[in-house]
Each structure stands twice: as structure tokens, then as C-alpha cells.
Amino acid sequence: MKGTYNMKKMCYLILAYDDPDHLKRMIDCLNDKSVFYVHIDKKSEISPFEEILYEYENVHFIPKREKIYWGGYSIVQAELNLIRAALESDEDYLRFVLLSGSDYPIKDNAYIHTFFQENKNIEYIRAINLDKLENKDLFGIHIDRMQMHDYPFINQTNTYLFNRFRAGINFVLRLFPMPRKYRHQKFDLYHGSQWWALTEGCLKELLQKFEENPADYHNFKIGFASDEKFFHTLFFNSKYAINNQVNGPDKPIVMLDRHKGDTSKQTSLLANIHLLDASMTKWFTVEDFPKIKASDKMFVRKVSSKHSRELLDKIDTEILFANELQLKEGHL
């Protein structure tokens, strides 16, 4: 839906590694007063993405690419690369929104632009304080024990051998506490959903805070799931800490057992603008449409061309472009 709701553009920061057809489809839905900065996993061939989007002058594939590994700091580094590339443009954006290539809007552009214009002083990032948890077992292994999840010398990561190799390495590393010089207690650590929507002023301050003392954040390079902790820790130790949608950090859920999936459940409950399944791994299908239509979120994750085509078609016709289709039918 084209609109005149705000002259400022949205800036979408996108992490993708496969399914170029879906990436194009998502961008097409959001391509109204928007700019897109895209990081393609260095383990993936970039040409299929460039070819399918070559006519889009507002889609920028950043040259500084990282090999992305699940659970690793490489994800944070890719996000930093996206942020720096976007800030170099000197464009005055309405909002910076972090997305993945497996997302899809479930609200139209008029809604998204209007929402952020009306809430222009609110940062959309939620988290719990990991250093104040009563049950340290839930996330303690993430932040208090050494581990390694980035293996830049390995390209094939979806294999049994790699998974067993990584599990063996981390079984040994987790026997050792995080060294004090890295787990220094200079500030509390926070955890939340990876996907946020921040203003330029906030994003610049967080980036500056990190760049002034990068050694203070080395723990994220040898911990787990830093993408769900790095920006949250910066944010809740900044002057913006109470400027989010819930006026500060959240309280954790009461029953916490990492062996029963409560870490994923906790993370999904901290979603900002995404509809997330409690498992964090589910692919949404057409059977989930009623839940999606009833949601107050702006995006759904995870979807793909392979698993979700019928659902995406239904989102298009009944949510995103419903008004336009009704107008066309009225003129027939």
C-alpha cells in the first residue's frame, strides 16, 4: 500500500543466507519509502540474491560479509557491519529495523510507518537481567562458561559430523568458567529476542559505547547466543534503558528449566515486533493464519518459500493488500 503518512524512510537491516525468492518477496511488500541493507552469509553464494534484486536501487548488499554460525558472535559482527553501512548514508531514517531473510510483514506499510511515527521516542527492545536471575541454571551456561560457536575454516555446518565436532569442543570448554577478565562484572548482562527496532540516536549511542571499550565486550565472543544479548546489554546499560516499550527490563518467567525448552520460551516472550513461536524453530504454515491475523505484531518469523507459500499468499490477499484488492473488485 502506497501512502503519504511520513516523508522519512524506514531502514531495514536484513540478515539472509538462502531463499532469494522469499527475500525479494519480503522486500517487495516493504518497498514503500524504505531502504534495505542486506548481509548475505559469506558461506552462501551472493550472485542469486544480486541477480533477483539487481533493479532495486534502494537495496544495498553490504560488501563486508561474515561467515555466520548458529550461536556465534559472527551474527553480532554481521549486525554491526549492517549498522555501520546504514549509518554511513547520513539519511535521516524513521527507524532502523533488524530482520532476517525468514521474516514476512503481517501489517501493511501504512501501519508500520504510522506506528513508528506515533511512537518515535520508544525503542523496541526487551530483555531480562541475567545477573539478577534467581535460577542461574537457565542462562548461566550462556554467560558463565566458555564455548566456541564460530568456525570460519568450516563452510558446511548442516552436517552430522560438524554438529558432533562442535558439541565435543563445547563439552570440554564448558568445563571451564569464563575468565574473570572477560566476565568482569562491570555491567549486568541482558538477554532478549534478537530482532529489534531502534531509533538512530539510540543506535549511534550503543555503537559508540561499544567502540569506546570493545575489550569490555569480549565475553560475547566466547559465550553463547550473543545475538540475543549483545545489543540488549548495551541498551540496558545506557541512558535509553527505560525508553523501551515496557519502561525497562522485563521480569523473567517463573518456571525456568532449560532442559524443557524454557530458554526458547523465555526468548519468544520477549519478542518486540515479531510473532515468534515458543520453540523458536517452527516454520509457520497456512494453519497458523488465524493466529497471525489476530496478532498485534508487525512481522512473523519463521517463513519460507518452501514451507509457507500458501500462508504467504493468504497474508498478501487478506492482510497486506486486502484494501487494494477490494478497491479493484469494486471497479470491475
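This write-up is about the structure you can find in this document. Please read all numbers here as calculations on a predicted model, not as lab measurements.

1. Describing the sheet that holds strand E5 (residues 103-105)
One open sheet holds the three strands; their spatial order is E5-E10-E9, and the pairing between them is mixed. On the outer flanks of this sheet lie E5 and strand E9 (274-276), each paired with one strand and no other. Going from strand to strand, the sheet's axes swing by 25 degrees on average, the running direction of each strand aside. As paired strands, E5 and strand E10 (residues 299-301) are joined by three bridges and run antiparallel to one another. Bridging across to E10, Tyr104 finds its partner in Val300.

2. Notes on the nonpolar core
Counting residues in each nonpolar core, the largest one holds 49 residues, and the members touching the most others are Leu13, Tyr37, Trp196 and Phe230. For this core, the elements supplying multiple residues, two or more each, are strand E1 (10-16), strand E2 (34-40), helix H3 (74-87), strand E4 (95-100), helix H7 (200-212) and helix H8 (230-236). Not counting residues within four places of it along the chain, the set of residues in contact with Leu13 comprises Tyr37, Leu82, Ile83, Ala86, Phe96, Val97, Leu98, Leu99 and Trp196. Met10, Val97, Ile315 and Ile319 belong to the second-largest nonpolar core, a separate cluster that totals 41 residues.

3. Regarding helix H6 (residues 160-173)
Taking 1.5 Å per residue, 14 residues should reach 20 Å; H6 reaches 20 Å between its end C-alpha atoms and fits that length. Taken as a whole, H6 has its buried residues at Phe162, Arg166 and Asn170. Looking down the long axis of H6, one finds its buried residues gathered within 60 degrees of arc, a one-sided arrangement. With respect to the buried face of H6, the exposed residues turned more than 90 degrees away are Tyr160, Leu161 and Phe171.

4. So, the side chain of Arg301
Tracing the chain through its elements places Arg301 in strand E10. No salt bridge is formed by the buried Arg301; its nearest oppositely charged neighbour, Asp103, is found at 4.0 Å. A distance of 2.7 Å separates a polar atom in the side chain of Arg301 from a polar atom in the side chain of Ser100. Among all residues touching Arg301, those that are not within four sequence positions of it are Ser100, Ser102, Asp103, Trp195, His274, Leu275, Leu276, Asp277 and Phe284.

5. Thoughts on the sheet that holds strand E8 (residues 197-198)
Note: strands within a sheet are paired through backbone hydrogen bonds, in either parallel or antiparallel orientation. Strand order in the open sheet formed by five strands is E3-E2-E1-E4-E8, with mixed pairing between adjacent strands. Looking at the sheet topology across the chains shown, the edges are occupied by strand E3 (59-61) and E8. Pairing analysis gives six bridges linking E1 to E4, with the strands arranged parallel. Opposite Cys11, over in E4, you have Phe96 as the bridge partner. Helix-sheet contacts for helix H1 (residues 20-30) involve E1, E2, E3 and E4, and the interaxial angle to E1 is about 170 degrees.

Conventions and cut-offs
- Residues numbered from 1 in each chain as written.
- Predicted model: local features only at pLDDT ≥ 70, side-chain atom pairs only at ≥ 80, totals over all residues.
- Heavy atoms only, no water.
- Pairing = 2+ DSSP bridges.
- Helix = DSSP H or I, 4+ residues; strand = E, 2+ residues; numbered from the N terminus.
- Axes fitted to C-alpha atoms, helices over the stretch in contact; angles between N-to-C directions.
- Core = buried A, V, L, I, M, F, W, Y, C linked by side-chain atoms within 4.5 Å.
- Buried < 20%, exposed > 50% of the residue type's maximum accessible area, 1.4 Å probe, protein only.
- Contact = heavy atoms within 4.5 Å.
- Expected span 1.5 Å × (residues − 1).
- Arc of directions from axis to C-beta.
- Lys, Arg positive; Asp, Glu negative; His and termini not counted.
- Salt bridge = Lys/Arg side-chain N within 4 Å of Asp/Glu carboxyl O.
- Polar contact = N/O pair within 3.5 Å; in protein donor to acceptor, adjacent residues only side chain to side chain.

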